[in-house]
Amino acid sequence: MTTIRRFCCNDLLRFASVNLDHLTETFNMSFYMTYLARWPDYFHVAESSGHQIMGYIMGKVEGQGESWHGHVTAVTVSPEYRRQKLAKKLMHMLEDISDKIDKAYFVDLFVRASNTPAIKMYEKLDYVIYRRVLRYYSGEEDGLDMRKALSRDVEKKSIVPLKRPVTPDELEYD
């Protein structure tokens, strides 16, 4: 049986094995602690009945006006627990919090342009490619900014794709 619960400080000492996937972005401890302190509703872990961490999602809410949105900073599932729809469950949880609690217009995420399995999964979850960000990952690989409109964006304006790629310095951060 899988339990999805809020991430807690002790999990920081237990989730390293989930981050071993070469496509998973890893961060320093203070980065994770900042997310845990500022956006605890957006940081969840999937745990097995044997108390092993199977995967997690980390995100935040940011922006202003019609750019107010939920953001998926990281979502990953250990290889041995994939194909069980854990990422889908974690994504839906973040989307629900963004939509119902924070009243966001959309949810966005960045994914490596070469990560075809992840792109396909996000597309199945109704995300669209909003724009390409040139050399987003370590100044080498392009990233795709994918978005999913939420109920507040009735006209779906947040997901109308940009016609040209952008550079990382053109991105807005809060």
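Because the structure is a prediction, the values reported are computed rather than measured. Per-chain numbering applies: the sequence of each chain, read as written, is numbered from 1 onward. Local features are withheld for residues below a pLDDT of 70 in this predicted model, meaning they are given only at 70 or higher, and side-chain atom pairs are given and counted only at 80 or more; totals for whole chains, interfaces and linings count all residues. Computation of side-chain values: all heavy atoms of the structure, hydrogens and water removed.

1. Quick look at the UniProt feature "domain: N-acetyltransferase" (unreviewed entry) in the chain
Let me state the cut-off plainly: UniProt positions are given in the numbering used here, feature names are shortened, and annotations may be inferred rather than shown by experiment. In DSSP terms, a helix is any run of H or I states spanning at least four residues, a strand is any run of E spanning at least two, and both are numbered starting from the N terminus.
Residues annotated by UniProt as "domain: N-acetyltransferase" (unreviewed entry) correspond here to residues 2–151. Taken as a whole, residues 2–151 contains 23% helix and 36% strand, while its terminal C-alpha atoms sit 29 Å from one another.

2. Re helix α1 (residues 29–38)
Rules: The rule is simple: take the accessible area with a 1.4 Å probe, protein chains only, and divide by the maximum for that residue type; under 20% is buried, over 50% is exposed, in between is partly exposed. The arc in question is the one spanned by the directions pointing from the helix axis to the C-beta atoms. Any pair of residues with heavy atoms lying within 4.5 Å of one another is described as a contacting pair.
Every buried residue belonging to α1 is among Y32, Y35 and L36, and all of these are buried. Mapping the buried residues of α1 onto a view down its axis gives an arc of 100°, with all of them on the same face. Those residues of α1 that are exposed and angled more than 90 degrees off the buried face are A37 and R38. Buried residues belonging to α1 abut β2 (43–47), β3 (53–62) and β4 (69–77).

3. Focus: the sheet that holds strand β7 (residues 141–149)
Heads up, the rule is: In this scheme, strands are said to pair when DSSP sees at least two bridges between them. To define axes, lines are fitted to C-alpha atoms, for helices over the stretch in contact only, and angles between the resulting N-to-C directions are given on a 0 to 180 degree scale.
The strand order β1-β2-β3-β4-β5-β7-β6 describes an open sheet built from seven strands, whose pairing is mixed. Either end of the sheet is taken by a strand with one partner, and the two such strands are β1 (3–6) and β6 (128–137). For this sheet, the mean inter-axis angle between neighbouring strands, taken without regard to orientation, is 25°. Where β2 meets β3, five bridges bridge the pair, whose relative direction is antiparallel. Bridge pairing in β3 links A46 to G55. Those strands touched by α1 are β2, β3 and β4, and its axis lies near 65° from that of β3. Against the sheet, helix α2 (residues 86–101) engages β1, β2, β3, β4, β5 (106–112) and β7, with an angle of about 160° to β4.

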